[in-house]
Amino acid sequence: MKLKRMVVGLGERSYSIWIGGGILPRLSQALQEVNFPKKVAVVFNPLVQSLYGGTVAESLQSAGYEYHQIIIPDGEEHKNWTTLQKIHDGLIAYGFDRQSGLIALGGGVTGDICGFAAATFLRGIPYVQVPTTLLAQVDSSVGGKTAINHPKGKNLIGAFYQPRHVHIDVDTLQSLDAREFAAGMAEVVKYGIIRDKSFFEWLSQNREALQKRDTEALIRAVKRACQIKANIVEVDERENAQRAILNLGHTFGHAVENLSGYRTYRHGEAVAVGMVVIAHISQRLDLCSAADVVAIRQLLQAFDLPVMPPDYPIDAYLDAMMRDKKVLKGKLRLVLNRGIGDCLVREIDEPATLFAEALNNIQ
């Protein structure tokens, strides 16, 4: 059984990450190592419950944990106050107190909303992330961002609240449909663009193994992505400066999601479109070459990701982007790639002109 261990170093809020193949049954061992409460509730949607709920329940109950479950609806459109209250209602009904804990088992929606429930119930109880999608494994499960959506924008209501442990079993990726797996690869590619050109090139060279979901390739890709994110979070936990670079492609991507009602595009698909748009803007600002733009676009397409922005009016895009969390004092800040392997955050004075040019160039 292959297992890699890491630590996100945040002083008293530090936590472990386990990454491996077939390690889901070892969840109770990991919880014991971090002294997690013995009374737990696992939050998942019906599909994840049917796939992995039994394995997790057996692991916990065999180790003496008092096990409860809270089932929430599937889909980004349910990442809202109603679902959050459903979790709170369950915790109250089960008599949970501050010596209890939550376990998020599933994708990014489950992880985000379960983490926010943990942050807000009794002003904070421990929780653990057990991500079962590639997107969640390399992005949302690490770093302590928890949130729900508002009709006017994504993740506008939330808190920074770190998990006690992150448990990543890449074998769960075998159950993903092709589109969901591709959406996760968008975030993996992002790490190469912002921080590690050699990783970007490795992804290109190992595309076939990754698409075949080879265990060794998946562990290596997930581990490198998590390490890059952990290094950034350790320096800037609350996104005051450097952590913002993790949002490459997200400002435009969130606008795509919002304008399409969170139903047409999966998060990673929208981010892939956003990264291509940003690459064109970066080229326009002399931060990267035309060859870099082509390389980014081709790698995303190689993983079966969309690269063409949907045909919404530029004013609609701008309105959605101006509600983004990275807007400060009415100014839009963009994460721009500097070649491949580096990036920066820049305040944009005339976003309408830049985005209009970029969108025209992509057509």
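Residues numbered from 1 in each chain as written. Predicted model: local features only at pLDDT ≥ 70, side-chain atom pairs only at ≥ 80, totals over all residues. Heavy atoms only, no water.

(A) Local environment of the pattern of salt bridges. Applying the stated criterion across every chain yields a total of 20 salt bridges. Between Lys154 and Glu76 there is a salt bridge; the shortest N-O distance is 3.6 Å. Of the two residues, Lys154 sits in strand β8 (residues 153-160) while Glu76 sits in the loop between β4 (66-71) and α3 (81-93), which places them 78 residues apart along the sequence. Side by side, Lys154 and Glu76 carry an identical accessibility label, which is buried. Between Asp177 and Arg266 there is a salt bridge, with its nearest N and O atoms 3.4 Å apart. In this pair, Asp177 is assigned in the loop between β9 (165-169) and α6 (178-195) and Arg266 in the loop between α10 (250-259) and α11 (267-284), connecting sequence segments 89 residues apart. Asp177 gets classed as partly exposed once you look at its relative accessible area, which sits at 39%. Members of the salt-bridge network, linked through shared partners, are Glu76, Lys79, Asp112, Lys154 and Glu257. (Salt bridge = Lys/Arg side-chain N within 4 Å of Asp/Glu carboxyl O. Helix = DSSP H or I, 4+ residues; strand = E, 2+ residues; numbered from the N terminus. Buried < 20%, exposed > 50% of the residue type's maximum accessible area, 1.4 Å probe, protein only.)

(B) Representation of the sheet that holds strand β2 (residues 15-20). Taken in spatial order, the 7 strands line up as β1-β2-β9-β6-β5-β3-β4 in an open sheet, and their pairing is mixed. Unpaired on one side and paired on the other, β1 (3-8) and β4 mark the two borders of the sheet. Looking at each pair of strands side by side, their axes are set apart by 20° on average, direction ignored. Relative to β4, strand β3 (residues 39-44) runs parallel, the two being bridged by 6 bridges. Across the sheet, Val40 pairs through a bridge with Tyr67, a residue of β4. Here helix α9 (residues 215-235) sits on the sheet and contacts β1, β2 and β9; the angle it forms with β1, its principal contact strand, is near 10°. (Pairing = 2+ DSSP bridges. Axes fitted to C-alpha atoms, helices over the stretch in contact; angles between N-to-C directions. Contact = heavy atoms within 4.5 Å.)

(C) Seen up close, the layout of surface pockets. Roughly 220 Å³ of internal volume is contained in the second largest pocket. When its residues are assigned to classes, the lining of the second largest pocket shows 6 nonpolar, 2 polar and 5 charged. (1 Å grid on protein atoms, 1.4 Å probe; cavity = no way out; pocket = protein on both sides within 12 Å on 5 of 7 lines; lining within 4 Å. Points joined across faces, edges and corners; volume = space filled by probe spheres on them. Nonpolar A, V, L, I, M, F, W, Y, C, P; charged D, E, K, R; others polar.)

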